Amino acid sequence: MLRFDLRVPPSGAPAAELYRAALDVAEWGERQGCLAIQVSEHHGADDGYLPAPLVLAAALAGRTRRVPIQVAALLAPLHDPIELAEQMAVLDLASGGRVSYVLALGYRPAEYAMFGRDFSARGRRLEACIAALRRAWTGEPFEFEGRPVRVTPRPATPGGPPLFLGGGSPAAVRRAARLGLGMVTQGGDPSLAAIYRTECAKHGRAPGLFIDPPPGTVTSAFVAEDVDAAWARLGPYLLHDARAYAAWMGEGHAATKSAASSVGELRAEAGPYRIFTPDEAVAYVRERGPLLLQPLCGGLPPALAWEHLELLEKRVLPALGPAPRAGGAPA
């Protein structure tokens, strides 16, 4: 999988370079057998985190032809669901049904304040949004919050684009089961899968797709011949990404979370941020499955990112043969 969140810290590359590079990398990724591209959403971040994921998803769809694109997560309670329904329907038509969505509450009160939304009511807002999306994609008139609504055109995908719920708590899992949605967790709580199955049975629903990153999942992988030199060059960018997420999440758990406060600590963790030799990358893929790549992590300059992608193309992909290869995995 290729993931883009487009952080633009002062120490990183300019935003214009990063956004253009994301499109180029996506096109490259599709040629290499990438199985999915993922974009994310946050607002008002000091380092310019991607705030408009549907716009970028549309641009990525325009540069590719086959690869699935996932918006994960889409902070649905921050949006007007009728406007969302229209945009998602148009993107479904234009992309050939390649864009799916992981809907989430978010965990930053500042984002809700920015949009004038009630942080304490975000769960109710999310459920109202899901109900509105489903009704909107029928193409039939209905009323939402006292407004007469009819969303046209209808999406290409019957029933609308695929929706999943994101989160890392038992409450999120119970909501997904009750609403008939698949689930993409943050990882870190092995009890959630059983809760989901139990809740689906309670509501008489067949369980949907449940994705729970296992312990030890590498979520930002790079490949280098000289790992020491690569950590010296890439480390500050990876550390920025790790510390920014950790500051936002507080005590929360996630597969992507690191407790490191220095590049040395980040490397020693051997956790979500990893730099492999080509042989190590091949071994990881054969044992654990496809690599999850974040090539522009922390504002990494595109020229530096391309060095590692090109090495992956030359040394890792040929060794893996025609089987599912590094550079893509379902989110």
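Above: the structure in question.
Position numbers for residues count from 1 along each chain, tracking the sequence in the order it is written. Owing to the predicted nature of the model, reporting of local features is limited to residues with pLDDT of at least 70; listing and counting of side-chain atom pairs is limited to 80 or more, with chain, interface and lining totals taken over all residues. The basis for every side-chain value is the complete set of heavy atoms in the structure, and neither hydrogens nor water enter the calculation.

### Quick look at the overall build of the protein
Here is step 1 of the chain: Secondary structure counts use DSSP, requiring at least four H or I residues in a row for a helix and at least two E residues in a row for a strand, with both numbered from the N terminus. A count of helical and extended segments in the protein gives 11 helices and 11 strands.
Here is step 2 of the chain: Expressed as lengths along the three principal axes of its C-alpha atoms, the size of the protein is roughly 60 × 40 × 40 Å.
Here is step 3 of the chain: Buried residues in the protein amount to 52% of all 331 residues.
Here is step 4 of the chain: Reported accessibility uses the Shrake-Rupley method at a 1.4 Å probe radius. Residues are deemed covered only where the shown protein chains occlude them. Accessible surface for the protein amounts to roughly 14100 Å². Of this, 55% is attributable to carbon and sulfur atoms.
Here is step 5 of the chain: We treat Lys and Arg as the positive residues and Asp and Glu as the negative residues; His and chain ends play no part in the count. Think of each charge as sitting on NZ of Lys, CZ of Arg, CG of Asp or CD of Glu. Taking the average place of the 34 positive charges on the side chains of the protein and the average place of its 34 negative ones, the gap between the two points comes to 6 Å. Note on exposure labels: buried denotes an accessible area under 20% of the residue type's maximum, exposed denotes more than 50%, and partly exposed covers the range between, all computed with a 1.4 Å probe on protein chains only.

### Observations concerning the packing of helix α1 (residues 15–32) against helix α2 (residues 53–63)
Here is step 1 of the chain: Orientation is described by axes fitted as lines to C-alpha atoms, over the contacting stretch for helices, and by angles from 0 to 180 degrees between their N-to-C directions. Where α1 contacts α2, the two axes come as close as 9 Å, and the packing angle between them is 40°. One way to sum up the angle between α1 and α2 is to call them oblique. For the element pair α1 and α2, the recorded crossing hand is right-handed. When α1 is examined against α2, the residues Y19, A22, L23, D24, A26 and E27 are found in contact with a partner set consisting of L56, A59, L60 and R63.
Here is step 2 of the chain: Counted by class, the contact of α1 with α2 contains seven nonpolar, no polar and three charged residues. Put simply, angles under 35 degrees are roughly parallel, angles over 145 are roughly antiparallel, angles from 65 to 115 are roughly perpendicular, and the rest are oblique. Crossings are classed by handedness, with left-handed meaning an anticlockwise turn of the near helix from the far one by less than a right angle and right-handed meaning a clockwise turn. Residue contacts follow a heavy-atom distance rule, with two residues in contact if any of their heavy atoms lie within 4.5 Å. As a working rule, the residues Ala, Val, Leu, Ile, Met, Phe, Trp, Tyr, Cys and Pro are called nonpolar, Asp, Glu, Lys and Arg charged, and the rest polar, with Gly in that last group.

### So, the pattern of salt bridges
Here is step 1 of the chain: By salt bridge we mean one thing: a side-chain nitrogen of Lys or Arg within 4 Å of a carboxyl oxygen of Asp or Glu. Using the criterion set out here, one finds 15 salt bridges in the structure.
Here is step 2 of the chain: Between R3 and D5 there is a salt bridge, with its nearest N and O atoms 3.7 Å apart.
Here is step 3 of the chain: Residue classification places D5 among the buried positions, given a relative accessible area of 1%.
Here is step 4 of the chain: Within this structure, D80, R125, E145 and R147 form a network of salt bridges that share partners.

### Digging into the packing of aromatic side chains
Here a ring pair, both rings aromatic, is described through the centre-centre distance and the interplanar angle of the planes.
Here is step 1 of the chain: Here a Phe, Tyr or Trp ring, Trp counted by its six-membered ring, pairs with any other such ring whose centre lies within 6.5 Å, and the pair is stacked when the planes are under 30 degrees apart, edge-to-face when over 60, and tilted otherwise. For the structure on display, the rule yields seven aromatic pairs.
Here is step 2 of the chain: Arranged with centres 6.2 Å apart and planes meeting at 85°, the rings of Y49 and Y245 form a pair that is edge-to-face. One end of the pair, Y49, is in the loop between β2 (37–39) and α2; the other, Y245, is in helix α8 (residues 227–249), with 196 residues separating them in the sequence.
Here is step 3 of the chain: Ring centres 5.3 Å apart and planes at 40° place the aromatic pair F276 and Y284 in the tilted group.
Here is step 4 of the chain: By relative accessible area, Y284 is classed as buried at 11%.
Here is step 5 of the chain: Among the aromatic side chains, those forming a connected cluster through ring pairs are Y49, Y245 and W248.
Here is step 6 of the chain: By definition, being over a ring means that NZ of Lys or CZ of Arg is both within 6 Å of the ring centre and within 35 degrees of the ring normal. Against the face of W248 rests R7, its NZ or CZ located 4.6 Å from the ring centre.
Here is step 7 of the chain: For R122, the ring lying beneath its charged end belongs to F119, and the centroid distance is 3.8 Å.

### So, the packing of helix α5 (residues 122–136) against helix α6 (residues 170–179)
Here is step 1 of the chain: Interaxial distance between α5 and α6 falls to 12 Å at its minimum, and their mutual angle equals 25°. It follows that α5 is roughly parallel to α6 by the angle criterion. Handedness of the crossing formed by α5 with α6: right-handed. Listed contacts from α6 to G123, L126, E127, I130 and R134 of α5 are R175, R178 and L179.
Here is step 2 of the chain: Partitioned by chemical class, the residues of the contact of α5 with α6 number three nonpolar, one polar and four charged.

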